There are 2 protein chains.
Amino acid sequence: MIHSQLLADCHWLGRFEVCTVLLNRNAILPWFILVPDTELEDVLDLPSERLNQVTAECQRISGFLKQSLGYSKANFAGLGNVVPQMHLHIVARSSEDACWPQPVWGNLTETASYTPETLADWTAILVSEYGLEPSGHGH
Amino acid sequence: MIHSQLLADCHWLGRFEVCTVLLNRNAILPWFILVPDTELEDVLDLPSERLNQVTAECQRISGFLKQSLGYSKANFAGLGNVVPQMHLHIVARSSEDACWPQPVWGNLTETASYTPETLADWTAILVSEYGLEPSGHGH
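What counts, and at which threshold
- Residues numbered from 1 in each chain as written.
- Chains lettered and ligands numbered in written order.
- Predicted model: local features only at pLDDT ≥ 70, side-chain atom pairs only at ≥ 80, totals over all residues.
- Axes fitted to C-alpha atoms, helices over the stretch in contact; angles between N-to-C directions.
- Helix = DSSP H or I, 4+ residues; strand = E, 2+ residues; numbered from the N terminus.
- Parallel < 35°, antiparallel > 145°, perpendicular 65-115°, else oblique.
- Left-handed = near helix turned anticlockwise from the far one by under 90°.
- Contact = placed C-beta atoms within 7 Å.
- Nonpolar A, V, L, I, M, F, W, Y, C, P; charged D, E, K, R; others polar.
- Pairing = 2+ DSSP bridges.
- Least-squares fit on C-alpha atoms with pLDDT ≥ 70 in both.

Draft legend 1. Region of interest: the packing of helix 2 (residues 48-68) of chain A against helix 3 (residues 116-130) of chain A. All names here are of chain A. Close contact between helix 2 and helix 3 brings their axes to 11 Å; oriented N to C, the two are set at 115°. Classified by the angle their axes make, helix 2 and helix 3 are roughly perpendicular. As helix 2 runs across helix 3, the sense of the crossing is right-handed. Residue-level inspection shows Arg60, Gly63, Phe64 and Ser68 of helix 2 in contact with helix 3, the latter providing Ile125, Leu126 and Tyr130. Taken together, the residues of the contact of helix 2 with helix 3 break down into four nonpolar, two polar and one charged.

Draft legend 2. Molecular detail of the interface of chain A and chain B. Contact with chain A, which involves 27 residues of that partner, is made by 27 residues of chain B. Every element with two or more residues in the side of chain A that touches chain B is listed here: helix 2 and strand 4 (73-78) of chain A. Examined bridge by bridge, strand 4 of chain A and strand 4 (residues 73-78) of chain B share three bridges and lie antiparallel to one another. Opposite Phe76 of chain A, over in strand 4 of chain B, you have Gly78 of chain B as the bridge partner.

Draft legend 3. Main features of the relation of the copies chain A and chain B. Of the transformation placing chain A onto chain B, the axial shift is 0.0 Å and the rotation is 180°, giving an RMSD of 0.0 Å. Here the transformation between the copies is reduced to the relation of a two-fold axis. The rotation axis passes nearest to the C-alpha of Ala77 of chain A in chain A, at a distance of 2.0 Å.

Draft legend 4. Geometry of unusual backbone geometry. Of note, the bond from Trp100 of chain A into Pro101 of chain A is cis; its omega dihedral lies within 30 degrees of zero at 0°. Along the chain, Pro101 of chain A turns up in the loop between strand 5 (88-93) and helix 3.

This is the structure:
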């Protein structure tokens, strides 16, 4: 079960082995959210083997942002102060983006939407190069 | 070499095996910063074995915040938008703290200072229970 706030805020792209892969609907910058399969809330509370699996899946998204989209910087965080369900943010950043150098949380006033084409393109790359199992949900 | 801004902002408590352990001088909430030994800037760019070592050392700080200080929540992040040297934030949070539920970056207007006694007490626990090698720097 993915928290309703995450579902409202994000496109559901699919799954890796131990995380559900979401993409924030605000296309002003590429902002992925990975939701590990766990009842724990804080990422550093995961048993070490599971933590290593989760961070490896976060590295796939970072790789996509850098190698496939050409960004040189990725912010990484597990906060959960508002939505308690464990979720990890992997956010592409650049010195030209909408809230640089501030963190994205609470500092993004501009919004934009993804086109269906971009969602399909990114999902296709994540499937072919990063092992995403697509959702088929049409979210 | 630790970035001058981190040294200005933090007490230098010592080292784990692959990270230098800093504590933000603002005592309004417990905010640790771990600086891995690397020239890379983004934590998700670390080779997986080193990433696992770094996150394991972050877990020691999270353990200190939860088991030793009694907090139930820890925020975890690697950003580096302002200070490029890789550094990981591990921040104790509670619903009564100075900027809940906002992230700490840019949202802490109150400040406080650690007493030498608290710094000595926390360092002693980190040494005896979490494997800290103390700095002996007197920062």
